[in-house]
Amino acid sequence: MCDTFVAMTPATADGAVIFAKNSDRPQNEGQSICRYPGSNHGLGAKVRCTYIEIPQAEVTFEVLLSQPDWMWGAEMGTNEHGVVIGNEAVWTREDFGPQALLGMDLVRLGLERGTTAVAALNVITGLLERHGQGGACAEGDASFSYHNSFLVADAQAAWVLETAGQCWAAEKVTSGTRNISNGLSIRTDFDLASANLVEYATRKDYHSGSGAFDFAAAFSLGGVDESPFSRHASGRRLLSEHDGRISPET
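These figures come from a predicted structure and were not determined experimentally.

(A) View of the sheet that holds strand S3 (residues 31-36). What the eight strands build is an open sheet, ordered S3-S8-S9-S10-S11-S12-S13-S15; its pairing is antiparallel. Looking at strand neighbours, the two that pair on one side only are S3 and strand S15 (192-193), the edges of this open sheet. Pairing of strand S11 (residues 147-153) with strand S12 (residues 158-164), which is carried by five bridges, proceeds in the antiparallel orientation. Opposite Val152, over in S12, you have Trp159 as the bridge partner. Sheet strands touched by helix H1 (residues 103-113): S3, strand S8 (63-68), strand S9 (76-79), strand S10 (84-90) and S11. Its angle to S10, the strand with the most contacts, is close to 165°. Those strands touched by helix H2 (residues 117-131) are S10, S11, S12, strand S13 (167-173) and S15, and its axis lies near 10° from that of S12.

In structure tokens:
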């Protein structure tokens, strides 16, 4: 399974922002470190992602990606502006749609088009709402599909973005630590969300329509894992134990 971490001041030893992710993929799948230069594209240009073609941005930025060899997108990466993104599989109550953008495609698109973490977040959410997410997430295995969460960061701030179909919520992180681990983790305290999110969840009977709206509780398939021994809780505990002295070695 995947785990993604960000540590910011005052949690880090030197005040830097540290981003880390491990990528758990099918054991026979190659994953390469790939650099793609920035480029200017003409008006009306298109880009072929893993499954679908979408309009290309007029300008794309240089990116360094950790990329499964068979797909267009990436598990994690960074761009020339110092934005970093990693994604994680999550399982939600929303149905899987037809072939569309993979979460890995959205990682690359956010990096190629975003000059800051919030700009990359806006790229991802805009494309998610326009094109949707869907399609097999492993080569040759049509049954392996999932929705996605993301950790997006730059030198000033980080964002946790969690999705369920075309619904989403985002939480801003400006200090300390945050981690995600293959499950929805945004509860009632989020900063941005898709339009009419609460109304949609209420209509689908994911939410009672009263009281605080809990994104993870509403959309998680099988409920939220609140065990103190879950990977998410264990990661949070380990970060806390090293608070104030986290380094890349940590």
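Here the narrative resumes.
(B) View of the sheet that holds strand S2 (residues 18-22). With antiparallel pairing, the three strands of this open sheet are ordered in space as S2-S1-S14. Of all strands in the sheet, those bounded by a partner on one side alone are S2 and strand S14 (177-180). Each adjacent strand pair in this sheet contributes to an overall mean axis angle of 10°, direction not counted. Two elements, strand S1 (residues 3-7) and S2, share five bridges in a ladder whose sense is antiparallel.

(C) Structural context of the packing of aromatic side chains. Applying the stated criterion to the full structure yields five aromatic pairs. Judged by centre distance (5.2 Å) and plane angle (70°), the rings of Tyr206 and Phe219 are edge-to-face. Here Phe219 lies in helix H4 (residues 215-219) and Tyr206 lies in the loop between helix H3 (197-203) and H4, a separation of 13 residues in the sequence. Side by side, Tyr206 and Phe219 carry an identical accessibility label, which is buried. The ring of Tyr36 has Arg108 sitting right over it, with the charged end atom 4.1 Å from the ring centre. Positioned above the aromatic ring of Trp72, the side-chain terminus of Arg108 is 4.1 Å from the ring centre.

(D) Molecular detail of the state of the cysteines. Counted by the stated rule, this structure contains zero disulfides. Among the cysteines around Cys2, which has no disulfide bond, Cys137 carries the closest sulfur, lying 11 Å off. Among the residues examined, Cys137 registers a relative accessible area of 1% and is labelled buried.

(E) Fine view of the side chain of Thr125. Among the structural elements, Thr125 can be located in helix H2. For Thr125, the contacting residues outside a window of four places in its chain are Leu161 and Trp168.

(F) Quick look at the pattern of salt bridges. Under the definition given, this model contains nine salt bridges. Lys21 is the salt-bridge partner of Glu75, the closest N and O atoms lying 3.4 Å from each other. Separated by 54 residues along the polypeptide, Glu75 in the loop between S8 and S9 and Lys21 in strand S2 bring together distant segments of the chain. The pair formed by Glu75 and Lys21 is uniform in burial state, with each residue classed as buried. The salt bridge involving Glu226 is made with Arg187; its shortest N-O contact spans 3.2 Å. Of the two residues, Glu226 sits in the loop between H4 and helix H5 (231-241) while Arg187 sits in the loop between S14 and S15, which places them 39 residues apart along the sequence. We classify Glu226 as exposed; its relative accessible area is 61%. Looking at Arg187, the relative accessible area reads 29%, which means it is partly exposed. Put simply, Lys21, Arg25, Glu29 and Glu75 are held in one network by salt bridges that share partners.

Each value, and the rule that gives it
- Sequence order as written defines the numbering, with residues in each chain counted from 1.
- Given that this is a predicted model, residues contribute local features only at a pLDDT of at least 70 and side-chain atom pairs are listed and counted only at 80 or more, while totals for whole chains, interfaces and linings are drawn from all residues.
- Values shown for side chains rest on all heavy atoms present in the structure; no hydrogens or waters enter the calculation.
- At least two bridges found by DSSP between two strands is the condition for calling them paired.
- Helix and strand labels come from DSSP, where a helix needs a run of H or I of at least four residues and a strand needs a run of E of at least two; each type is numbered from the N terminus.
- The contact criterion used is simple: two residues touch if any of their non-hydrogen atoms lie within 4.5 Å.
- Each axis is a line fitted through C-alpha atoms, taken for helices only over the stretch in contact, and angles between the N-to-C directions span 0 to 180 degrees.
- Think of it this way: a Phe, Tyr or Trp ring, Trp meaning its six-membered ring, pairs with another when their centres are within 6.5 Å, and the plane angle makes it stacked under 30 degrees, edge-to-face over 60, tilted otherwise.
- Buried, partly exposed and exposed residues are distinguished by accessible area as a fraction of the type maximum, computed with a 1.4 Å probe on protein chains only: under 20%, between the cut-offs, and over 50%, respectively.
- We call a charge positioned above a ring when the Lys NZ or Arg CZ atom is no farther than 6 Å from the ring centre and deviates by at most 35 degrees from the ring normal.
- Note that a disulfide, as used here, is simply two cysteine sulfur atoms within 2.5 Å.
- What makes a salt bridge here is a side-chain nitrogen of Lys or Arg within 4 Å of a carboxyl oxygen of Asp or Glu, nothing more.

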